[in-house]
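# Architecture and fold: a report
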Amino acid sequence: MDSTSLPSLTQAQEGNYYTSEISHTISYDRRDKFINPTEGYMLTIGQAVAGLGQEGNISYVENTAGGIVYFQTIPTLQKDFVMSLHVKGGIIQGLHGIDVNAKDRFDYGQNEMRGFDLRVVGPRIAYFDENQNIVAYYNSGSVKSNEFLYVSAEHTFPNFIPIGDCHVKPTP
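Residues numbered from 1 in each chain as written. Predicted model: local features only at pLDDT ≥ 70, side-chain atom pairs only at ≥ 80, totals over all residues. Heavy atoms only, no water.

### Notes on the sheet that holds strand S1 (residues 21-29)
Overall, antiparallel pairing links the five strands, which are arranged S1-S2-S3-S4-S7 in an open sheet. Because the sheet does not close on itself, it has two edges, and the strands there are S1 and strand S7 (147-156). Neighbouring strand axes in the sheet, compared pairwise and without regard to direction, differ in orientation by 10° on average. Relative to strand S2 (residues 40-50), S1 is paired through nine bridges, and the arrangement is antiparallel. Across the sheet, residue Asp29 finds its bridge partner in S2, namely Met42. (Pairing = 2+ DSSP bridges. Helix = DSSP H or I, 4+ residues; strand = E, 2+ residues; numbered from the N terminus. Axes fitted to C-alpha atoms, helices over the stretch in contact; angles between N-to-C directions.)

If you want it as structure tokens, here you go:
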């Protein structure tokens, strides 16, 4: 596929770009354990700014925020029955009248949603034939976005659920 058939967004952003970015993230963690928590919560906010100095030709500000809460669903039976609710959102905006480059926008997949490959969650740019059948996709990934909201619920179960008691009699 040559560059003349690329979608207008991608075609307009052909060329070399350099990003000079500074970012920070602040987290407030009240989980009972760092790995496999069973109760508590964690809140996170972050910001990235690009294009403040003389280096780079990309300018934007990106804000993200998220939270996750863990709680036991059957606390009297065993601590390993845990429900987690997760929400995360973000927005990116160009500075100085410059649109956000396609490569700097948000995408979702592999790390956020189990069972999906990297950058495959979201709409696609498709090419159609004269009968309106899809003949090809522009790329293997999804179209990225300037905003996102991700919400998930997950329930974990213990590896072994004991049912009844098991006793072994010693042999004489």
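From this point, things continue past the structure.
### Overview of the nonpolar core
Counting residues in hydrophobic clusters, the biggest one holds eight residues: Ala50, Ile58, Tyr60, Ile92, Val100, Phe106, Phe148 and Tyr150. Beyond its immediate stretch of four places on either side in the chain, Tyr60 contacts Thr19, Glu21, Ala48, Val49, Ala50, Ile92, Gln93, Gly94, Leu95, Val100 and Asp104. (Core = buried A, V, L, I, M, F, W, Y, C linked by side-chain atoms within 4.5 Å. Buried < 20%, exposed > 50% of the residue type's maximum accessible area, 1.4 Å probe, protein only. Contact = heavy atoms within 4.5 Å.)

### Topic: unusual backbone geometry
The backbone of Asn36 shows a phi angle near 50°, a positive value even though the residue is not glycine. Residue position: Asn36 is located in the loop between S1 and S2. The backbone phi angle of His96 is positive, close to 60°, even though this residue is not glycine. Its location among the elements puts His96 in the loop between strand S4 (82-94) and strand S5 (126-128). A residue is classified by how much of its surface remains accessible, and His96, at 65% relative accessible area, is exposed.

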